[in-house]
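Architecture at a glance
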Amino acid sequence: MGDLFSATYRRDRGDGVSDPKIIVALDYPDAESALALVERLDPALCRLKVGKELFTVAGPQLVAQLMRHGFEVFLDLKFHDIPNTTAQACKAAASLGVWMVNVHALGGSRMMEAAREALANFNHPPKLIAVTVLTSMAQADLVELGISVTPAEQVLRLAALAQSSGLDGVVCSAQEAALLRQQAGARFCLVTPGIRPADAAADDQSRIMTPRAALENGSSYLVIGRPITKAVDPLLALQQIANEIGEPA
Ligand code: C5P
């Protein structure tokens, strides 16, 4: 089925740098700002995350452009809808040739299974992961929704549901990674934001972890925004983090 761009643009990673752990969050309001940053990065050292703001403004054309620059893309649109609609959205994402796509686990197992099924016929399907509990939500926010367990219990529950629905992994905080790694085993993909090198500003993140500590805690991939995007020299910042986690620069 039509992996339209992936066959053309998928980078040959046979050079030992096969699976960069760093995903740079492109939190920009327009394509021009995003591309200005991307031109200063190295696709051998990172992948790119395109979220709702940038995708809404710049769309599939930008995703294709990023891939033409040699980058693999995590399309962070957090699909949450009835099973058929979510499945079709995932299929559309896969047709763009993205490396990773995500849905909300709260959509339930039928929705997640439909999304999984929708990707079955792609030669290079994107990794399909789920968001469990948004880290912006505290206990009181769950109570308001009629959920009486703690956020941590809810994360574990939804991660188990995502796994039994055939998903490849979840987005989680690095603090949750150790427990999730224990529960879900070695192959489950844990994608963790809230990462800060030891000497970087926390910005508005509160529970932060260094790149190395996050990987030691069980993270598979690190979503990193401002420590790279706001650096005076973004490529140097990226190289330093890659060095810290033992990836060749
Ligand atoms: O700049 P910073 O490194 O804080 O960016 C982190 C990225 O990860 C942002 O795109 C943010 O929206 C995203 N994210 C997060 N916390 C979550 C889920 C996603 O910070 N729980």
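Structure report, in brief. (Residues numbered from 1 in each chain as written. Predicted model: local features only at pLDDT ≥ 70, side-chain atom pairs only at ≥ 80, totals over all residues. Heavy atoms only, no water.)

Re the state of the cysteines
- For the structure on display, the rule yields zero disulfides.
- Between cysteine 46, a cysteine without a disulfide, and cysteine 189, which holds the nearest cysteine sulfur, the sulfur-to-sulfur distance is 16 Å.
- Judged by relative accessible area, which is 0%, cysteine 46 ranks as buried. (Disulfide = S-S within 2.5 Å. Buried < 20%, exposed > 50% of the residue type's maximum accessible area, 1.4 Å probe, protein only.)

Describing helix H8 (residues 174-184)
- Inspection of H8 places Ala174, Glu176, Ala177, Leu180, Arg181 and Ala184 among the buried residues, and these make up the whole buried set. Considered in projection along H8, the buried side chains sweep an arc of 140° and stay on one side of the axis.
- Next to the buried residues of H8 lie helix H7 (151-164), strand S6 (169-171), strand S7 (189-192) and helix H9 (211-216).
- With its phi angle positive at about 90°, glycine 185 sits one or two positions after the end of H8. (Helix = DSSP H or I, 4+ residues; strand = E, 2+ residues; numbered from the N terminus. Arc of directions from axis to C-beta. Contact = heavy atoms within 4.5 Å.)

Quick look at the packing of aromatic side chains
- As enumerated under the stated definition, the model contains one aromatic pair in all.
- Each ring, one from tryptophan 99 and one from tyrosine 221, has its centre 5.0 Å from the other, and the planes form 85°; the classification is edge-to-face. One end of the pair, tryptophan 99, is in the loop between helix H4 (83-96) and strand S4 (100-104); the other, tyrosine 221, is in strand S8 (residues 221-224), and 122 residues separate them in sequence. Across this residue pair, the class does not change: tryptophan 99 and tyrosine 221 are buried. (Phe/Tyr/Trp six-rings, centres within 6.5 Å; stacked < 30°, edge-to-face > 60°.)

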